[in-house]
Amino acid sequence: MRELKILGVVILFTLITYWGVEPFAHSQMHAHHEPATFKYEDITPLGKKGNPQRGAEIFANAGCTGCHSVKSQNLPAPMDPVAASASYGVNPPDLSDAGALYDPKYLAAVIKNPAHAMKLDHKFNENRPFPMPNFYGVGGDLDQEVADIVAYLQSIAPKEVEPKEAFVNACGRCHDMKYDNWYVIGPKPKMDTELEEAQFNLKHAEYQENLKKYLGTNPPDLSMYIRSRGHEYIRDFIEDPQKILHGTAMPRVGLTEEATEKVVTYMENVGDRKKEKRESLGPLVLLYFIIFALLAYAWKQKVWRDVH
Amino acid sequence: MAQFEKANSVYEWLDQRLALTKLTKVLMTEYWIPKNINFLWAMGVVLMTMFKILLISGIFLLMYYKPDTKLAFDSVNYTIMQEVWFGWLWRHMHGVAASVVFLVIYIHMFTGIYYGSYKRGREMIWLSGMLLFVTFSAEAFSGYMLPWGQMSYWAAQVITNLFGGIPFIGDELVIWIRGNFYVADATLTRFFMLHVLLLPLVIMGIIGLHFYSLRIPHVNNQEGEEIDFDAEAEKFKAGRKAEAKVIPFWPVFISKDLFVLGVFMIFYFYLVFYHYNFAMDPINFDPANPMKTPPHIYPEWYFLWSYEVLRGFFFDVGPLSAMDIGLMAFGIANVIFFLMPWLDRSPVVAPAHKRGPFFIWFWVLLVDMIVLTIWGKLPPTGINAWIGFFASITFLGLLLVALPMITKQEAKRAGGAA
Amino acid sequence: MADQKRRDFIGMVFGGFAAAGGAAALYAMKRTWDPLPSVMAAGFTTVDLSPMKPGEFRTVTWRGKPIFILKKDHTDLKKCDDADVKVGEGDYLVRIGLCTHLGCIPAWEPGKQIFKCACHGGEFDACGANTFGPPPRPLDIPPFKIEGTKLVLGEEGPEYKKLVGKA
């Protein structure tokens, strides 16, 4: 009985200390924020039903393809990533998956006023315009035309997007993921000569330099972010970076909840590759020590029988 | 000259040369431990096991770790965590054991304080134990630098800077310790050397001393009773096992220890697999960046109480700057427990609950150290700064003033009773 | 008797000789811990101040440390004759960007015109003086020399000596 009482005291003080230095301290250090809802409530919906056929026409005439590729429709990128970053600061995204990844309300808002939809008004203004111009329409009703373009993008988007694809499209033009061999200019191919290696590194450095001019800082490699930030934080951050880290250079990217989960899944696959192994080995090791403790107890009882 | 005759078995052959039978008796079957003990007496064996886990997991981490500021982070987080077979397991075991070992050390220390196991001939046990605590702290600090994450870097920056507070030679000393003007490659490689070679050697040496120091005064017991170990051992050997007040280390003592160890290992491996973030701070999964301080810097939990004493003094007093007072208090806090046998002026060896005021003192000390630990992690602003200040004052007062006073009174009473 | 003394003498010589060897070995070990000559010799950073705009805040690296440069002329930022560096027409604050408490990097908050250290809450004003919290002294001044509109960090010029003499 006495031993149990002592054990209770030890456990109690251990738990108080643990509670103090972990949950309590962290709640004091990090400002509380509302969890992500992915409703994008600050954006007013257009209230129009888009027509994909008309959208395709407008898309072709509005000059979107001057900067954006749509590989699934055989529309190649007009420039390679490094040249594009020299012109725009960052390589403009391919739009094949856009309809599946991004919230339709957000897509419409981005087409009309990109800097505002991305919540980058504090960085871009008349003196320093955002690289993608606002869309003022091709002559008809602006909102209807925007709705048509969004409908077109949705019509060409695949039903399922792989986690890695979601990451590459939404994050991978600013962030490296070197533990999965992803770099802002694309995957690093197998190199045979030092020259090729140096050329790849040069391109990467040039792109990074352009990106730094554009954003003011180089976005971090995200390989270990699942461990350094955790699932919840990344989810909330993607929904609205400014809410979590005020003044950050990162734009709001407008991913749907589903696409966000895909991105996080990919980050988990890369940064916590052994999660499955860990979770499958854990119960076995614990079971081993439960049996170990039981056997030890049985042996102890036997040994102590004559001592008491 | 010893007599060597033809041996009839391998054991006999070895016994003639290595005295195995005698050795087994001395170390195991006739190494006597009091019977009147509880599970807190098993912490020594638990600590030894944790040290072995750290040593073994460390050996395997060492096979792939690269002590270079450009390579260290990736060698840990990619090569070891993602490529090496069971590399992730070794790292989690190493990281969690490094944290949990301090929990057990603190339990072990407070057990010693509670039962008065640091006096009446047991001073060397206490001192060698405190030396182990200090070398373990150095080992933990140097090891924390190796993954070269943000916390590694900034902890190294802040702690090495502390030496700058030493008068006259401070600034030079900081550069000398770092091997550069800032925490750099030279710093990483020398702390790597300390972590994997010099400090483990020293620790193993002191563990030997700690065990040896138990031999003469023997292990204490739950009542602080003085036992005639020779007489009691004779009883046990004569078969009067129930009557004897002692038990042999093997198999009686160890059988209970192994059960306690088994329960502890369930707890430990639960942490390794399911609850490791407390020991492997998420911020340390960001690579070190000398140009960017993380918003919150804090040491691992086991250093928080002394860290809070360091920063608890946040205002100048007369000619002394806040930083100097903090440094002095920090210096005192780190060595004060060494003096435990002399700060306690009473000859009474008994559990705290039989020592009146000392009992209260014990719990106040424990609570104060937990307060220091918790507030050591909180941002030091507003009311937190004042709580830290009063807890630090309380800590110093408890050990430097209250303890000698209480125990002197006790000594008087004990003297009067006798 | 004489024999005894002689043995003592030889013993002491031997002991002293062994101790000298030990001291020499310790010296070698101490030197091995010293920073390398290349590390000691490295580290002059030249910064051209002319392109800086009034109110602009820059961080440059010198010997692995961040150096804060704040251009204060033509702004309402607090100016102090005994703390600022004058280069041509310009009025600059040049400081080592490490908190004098425990070496974290304070952040410049233009709105409040303070450097705020996130580690332990220390604050410095636009003249680098410690105004709140644990820092024991103002932000340190890196050794510098002025060459035209350029600032050379790591060399002690007359302006640096004057500034340190005043502070």
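Below is a short write-up of the structure. (Residues numbered from 1 in each chain as written. Chains lettered and ligands numbered in written order. Predicted model: local features only at pLDDT ≥ 70, side-chain atom pairs only at ≥ 80, totals over all residues. Heavy atoms only, no water.)

Details of the side chain of E22 of chain A
Part 1 of the reasoning: Along the chain, E22 of chain A turns up in helix α1 (residues 2–29).
Part 2 of the reasoning: When residues no more than four places from it in sequence are discounted, the contact partners of E22 of chain A are F278 and K377 of chain B. (Helix = DSSP H or I, 4+ residues; strand = E, 2+ residues; numbered from the N terminus. Contact = heavy atoms within 4.5 Å.)

Re the pattern of salt bridges
Residue and element names in this part refer to chain B.
Part 1 of the reasoning: By the definition in use, this model includes 42 salt bridges over all chains.
Part 2 of the reasoning: In this structure, K119 and D344 form a salt bridge, with 2.7 Å as the shortest nitrogen-oxygen distance. Of this pair, K119 sits in the loop between α5 (87–114) and α6 (123–145) while D344 is found in the loop between α14 (340–343) and α15 (357–375), placing the two residues 225 residues apart along the sequence. The same class applies to K119 as to D344, namely buried.
Part 3 of the reasoning: Here R355 and D344 are joined by a salt bridge, their closest N and O atoms 3.1 Å apart. (Salt bridge = Lys/Arg side-chain N within 4 Å of Asp/Glu carboxyl O. Buried < 20%, exposed > 50% of the residue type's maximum accessible area, 1.4 Å probe, protein only.)

Focus: the packing of helix α14 (residues 275–304) of chain A against α5 of chain B
Part 1 of the reasoning: At a minimum axis distance of 10 Å, the contact between α14 of chain A and α5 of chain B shows a crossing angle of 65°. What the angle tells us is that α14 of chain A and α5 of chain B run roughly perpendicular. Taken as a pair, α14 of chain A and α5 of chain B cross one another with a handedness that is right-handed. Contacts from K277, R278 and L281 of chain A in α14 of chain A reach W88, L89 and H92 of chain B in α5 of chain B.
Part 2 of the reasoning: Residues that form the contact of α14 of chain A with α5 of chain B fall into these classes: 3 nonpolar, 1 polar and 2 charged. (Axes fitted to C-alpha atoms, helices over the stretch in contact; angles between N-to-C directions. Parallel < 35°, antiparallel > 145°, perpendicular 65-115°, else oblique. Left-handed = near helix turned anticlockwise from the far one by under 90°. Nonpolar A, V, L, I, M, F, W, Y, C, P; charged D, E, K, R; others polar.)

A few points about unusual backbone geometry
Part 1 of the reasoning: The residue after W250 of chain B, namely P251 of chain B, is reached through a cis peptide bond having omega 0°.
Part 2 of the reasoning: Structurally, P251 of chain B can be placed in helix α11 (residues 249–274).
Part 3 of the reasoning: Look at F38 of chain A: it is not a glycine, yet its phi comes out positive at around 60°.
Part 4 of the reasoning: If you trace the backbone, F38 of chain A turns up in the loop between α1 and α2 (52–61).
Part 5 of the reasoning: At N181 of chain A, a position not held by glycine, the phi torsion is positive, near 55°.
Part 6 of the reasoning: Looking at where N181 of chain A falls in the secondary structure, it is placed in the loop between α8 (163–170) and β1 (182–183).

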